[in-house]
Structures are given as structure tokens and as C-alpha cells.
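# Descriptive structure summary
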Amino acid sequence: MSSILLDIRDRVAFITLNRPEKLNAFNREMALLLQKTLDICSSAKEARCICITGAGNAFSAGQDLTEIADPEGPKMQKILKEHYNPIISRIRLITKPVVAVVNGVAAGAGANIALSCDVVLAARSASFIQAFSKIGLIPDSGGTFFLPRLVGWNRASALMMLGDKIPAIDALQMGMLYKVFEDDTLAAESLKIAQTLAVMPTKALAFTKHLLNNSAVNDIETQLKLEDEFQQRAAATEDFKEGVNAFIEKRKPEFIGE
Ligand code: T3D
């Protein structure tokens, strides 16, 4: 069975991290396959939203620690450069919304992959652990970038240093997530959100994502100029015309993602 599953249905690409016996921990094969799968989703015209979830009871326990301990395994110098950094870059640069459907524990790189997504949803029984300090590592996979921006410096600092297990409901209250659903409704509620995103004006969503990526580093004047540039690009899309026409004609818009 493949360590990454892909299913494209009704304009949504569902990616499942699939090593449930290891709580979907990442080995090299799975990390490289996730990159390849994200590339497939990026270029698949029929997919206008991407969901990432885990098989079984976990989202992902991060790096497979048995692989690190294996003298034949990939060397530390390669792991971030070749495994995680390209995953995070892809999630941020893909011009479609990426939804993390966190169905269980998300630890280490598993947590930070989830936090790098555009919309983060979780089951009530899910939890988030910046597990790195517990094994003498620093938070990677964008954790030092995303977490302080999501929850503030002080909380991020405590979460990363203590490595506490944070229940989804607390993570929600801290601003780490968008919504928490009961375990038995997570799949259906996430599907509704993904299907909503998949019929929205995809280009405008992609431009919004680009602006958010840049807002993390730009000053206000630079960001205002960028908004001006991208608003003009959004206004030139077919979906903008459709949005305005549908409003005037008092009907539901049919966006085509162009
Ligand atoms: O260059 C670099 O390598 C840096 C990259 C770093 C990226 C990272 O992600 S570092 C952080 C790595 N992850 C961790 O440290 C988390 C380790 N796991 C845990 O702390 C716990 O498993 C959890 C809190 C996530 C879940 O606990 P629990 O009690 O629900 O499950 P469990 O019993 O600990 O685990 C169940 C099985 O999954 C178990 O296998 P077994 O004994 O039944 O055969 C366990 O060994 C396995 N497992 C869990 N996490 C990992 C793992 N196997 C390999 N690697 C794991 N990360």
C-alpha cells in the first residue's frame, strides 16, 4: 500500500498520509511522494482545492525516528532540505487552497505541515505537539515562521520550548486553527468546506494566498502596492465578471476558476 493516497473527486483532491501503524510518521519515501502528489494536484485542472489528512487515528507524528536512528537512513543534512522544506514551499506556493484535516495527533513536522495550510480544521480528539524540544531538536518545517504569527510570540515560545500536547480545542482558542468538529463529523464538515472552496473564484483565492505570504515580510506601503496590483489582476478574471453579473441578476454565481 502506498504511503500517500490521492483521490480526486468533485473538484477536490484528497491526499491521505498513509502509514497508520507509525502514526503516519514521515520517512524519506513518504516525504518525496507527498511532494510529487502535491505537484500532481497543483497541475490537475479538475482539482480546485486540496485536502490533506491522515489514515487511522493520527494526522502525523512527524519525522520517523527509526529512520533517523538507522545508519543506512537519510543523513540529517538532507532531511530538511530534501524532505520538509520542499513540502512547506509547495503548500504555500500552490495556487489553490490547501486544507489540513487534522484527524488525530499532529506532532513535530506533522504539526507544522498542518499549520502551513490555508485552512486548518481538526477533530475534537486531535492534538498538536511541537515535539522537537523533547528530542533535542529545534522546531522546523516552518514552525518558527507560522506559530508565532498564529498564536503570538509568547505562546509560540512556550509551546516550542515545553513541547506540550495541546488539545484541538485549546489550539482553536489560541488561534492555531479555524474550526474544530466532533470526531464523527470531521470528514463530512471538512468535505463541505473543501467543496465550497473548490467552486469559489480560484484565481482570487490564489492571489489572496500570495498577498498573505507576502504580508508576513512586507511593510504597509509595499503591501498596499501589491494589493493594488493583484486587485487589478483579480478584476481581469472571468470569475470577477461572473461574480458581478450574478449579483446584479440575483442568481448564484458559477465560478470556473479562470
Ligand atoms: O533532520 C531532521 O530529522 C529533523 C526533522 C525533524 C522533524 C520532526 O518531526 S522531529 C519530531 C519527531 N516526532 C516526535 O518526536 C513524536 C514522537 N511520537 C510521540 O511522541 C508519540 O508517539 C505521540 C505523542 C505522537 C503519540 O503518542 P501515543 O501514545 O498516542 O502513540 P505511541 O504509542 O507513542 O505510538 C504508536 C506507534 O507509533 C508506536 O509504535 P509501536 O510501539 O506500536 O510499534 C510508536 O513507536 C510509533 N511512532 C509514533 N511516533 C513515531 C513512531 N514511529 C516512528 N517515528 C515517530 N515519530
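Definitions and cut-offs
Residues numbered from 1 in each chain as written. Predicted model: local features only at pLDDT ≥ 70, side-chain atom pairs only at ≥ 80, totals over all residues. Heavy atoms only, no water. Salt bridge = Lys/Arg side-chain N within 4 Å of Asp/Glu carboxyl O. Helix = DSSP H or I, 4+ residues; strand = E, 2+ residues; numbered from the N terminus. Buried < 20%, exposed > 50% of the residue type's maximum accessible area, 1.4 Å probe, protein only. Pairing = 2+ DSSP bridges. Axes fitted to C-alpha atoms, helices over the stretch in contact; angles between N-to-C directions. Parallel < 35°, antiparallel > 145°, perpendicular 65-115°, else oblique. Contact = heavy atoms within 4.5 Å. Nonpolar A, V, L, I, M, F, W, Y, C, P; charged D, E, K, R; others polar. Near = heavy atom within 4 Å. Polar contact = N/O pair within 3.5 Å; in protein donor to acceptor, adjacent residues only side chain to side chain. Areas by Shrake-Rupley, 256 points an atom, 1.4 Å probe, with all protein chains shown as cover. Core = buried A, V, L, I, M, F, W, Y, C linked by side-chain atoms within 4.5 Å. Domains from an automatic or database assignment. Buried area = accessible area lost by both parts, 1.4 Å probe.

## Considerations on the pattern of salt bridges
Evaluated as defined, the whole model comprises 13 salt bridges. Across the pair Arg 124 and Glu 182 runs a salt bridge whose closest N-O atoms are separated by 2.8 Å. Separated by 58 residues along the polypeptide, Arg 124 in the loop between strand E7 (119–123) and strand E8 (127–129) and Glu 182 in the loop between strand E10 (179–181) and helix H8 (186–198) bring together distant segments of the chain. Overall, the relative accessible area of 38% leaves Glu 182 in the partly exposed class.

## So, the pairing of strand E2 (residues 12–17)
Judged by how many residues are buried, E2 sits mostly within the fold: 6 of 6 residues are covered. By the alternation rule, side chains of E2 split into Val 12, Phe 14 and Thr 16 and Ala 13, Ile 15 and Leu 17, which are all buried. In terms of strand pairing, strand E1 (residues 4–9) meets E2 through 6 bridges, oriented antiparallel. The residue of E2 that forms the bridge with Leu 6 is Ile 15.

## Focus on the packing of helix H9 (residues 202–215) against helix H10 (residues 220–235)
Where H9 meets H10, the axes come as close as 10 Å, and the angle between the chain directions of the two elements is 170°. The orientation of H9 relative to H10 falls into the category roughly antiparallel. Between H9 and H10, the contacting residues are Phe 207, His 210, Leu 211, Asn 214 and Ser 215 on the first element and Gln 223, Leu 226, Glu 227, Phe 230, Arg 233 and Ala 234 on the second. Of the residues contributing to the contact of H9 with H10, the split by class is 5 nonpolar, 4 polar and 2 charged.

## Notes on the site of the ligand
Near the ligand, the surroundings consist of 21 residues, among which Ala 61, Gln 63, Leu 65, Met 76 and Ala 109 are the closest. Interatomic distance of 2.9 Å between a backbone N/O atom of Ala 61 and a nitrogen atom of the ligand. The contact in question runs from an oxygen atom of the ligand to an N or O atom on the backbone of Ala 109, over 2.8 Å. Relative to its unbound accessible area of 1000 Å², the ligand is 61% covered by the protein chains. For the shell around the ligand, the secondary structure elements donating two or more residues are helix H2 (65–69) and helix H3 (76–93). Grouping the constituent residues of the shell around the ligand by class yields 14 nonpolar, 3 polar and 4 charged.

## So, the nonpolar core
Ranked by size, the top nonpolar core spans 63 residues in total, and within it Phe 26, Ile 52, Ile 87, Val 102, Phe 128, Met 176 and Leu 177 carry the most contacts. The residues contacting Phe 26, other than those within four sequence positions of it, are Leu 17, Arg 19, Ala 31, Leu 34, Ser 60, Gly 62, Gln 63, Asp 64, Glu 67, Tyr 84, Ile 87 and Ile 113. Counting residues in hydrophobic clusters, the runner-up holds 5 residues, among them Leu 211, Leu 226, Phe 230 and Ala 234.

## Examining the domain arrangement of the chain
Along its sequence, the chain is carved into domain 1 (4–198) and domain 2 (202–249). Of note, the centres of domain 1 and domain 2, computed from C-alpha atoms alone, are 27 Å apart. Listed as interface residues are 12 residues of domain 1 and, on the opposing side, 6 residues of domain 2. Carbon and sulfur atoms make up 50% of the area that domain 1 and domain 2 hide from each other, which totals about 770 Å². It is Arg 48, Arg 92 and Thr 95 that lose the most area in domain 1 upon contact with domain 2, and together they represent 49% of the buried surface on that side. Inspection of the region where domain 1 meets domain 2 yields 1 salt bridge. We note a salt bridge from Asp 118 to Lys 209, for which the minimum N-O separation is 2.8 Å. Along the contact surface separating domain 1 from domain 2 lie 7 residue pairs in polar contact (both at pLDDT 80 or more).

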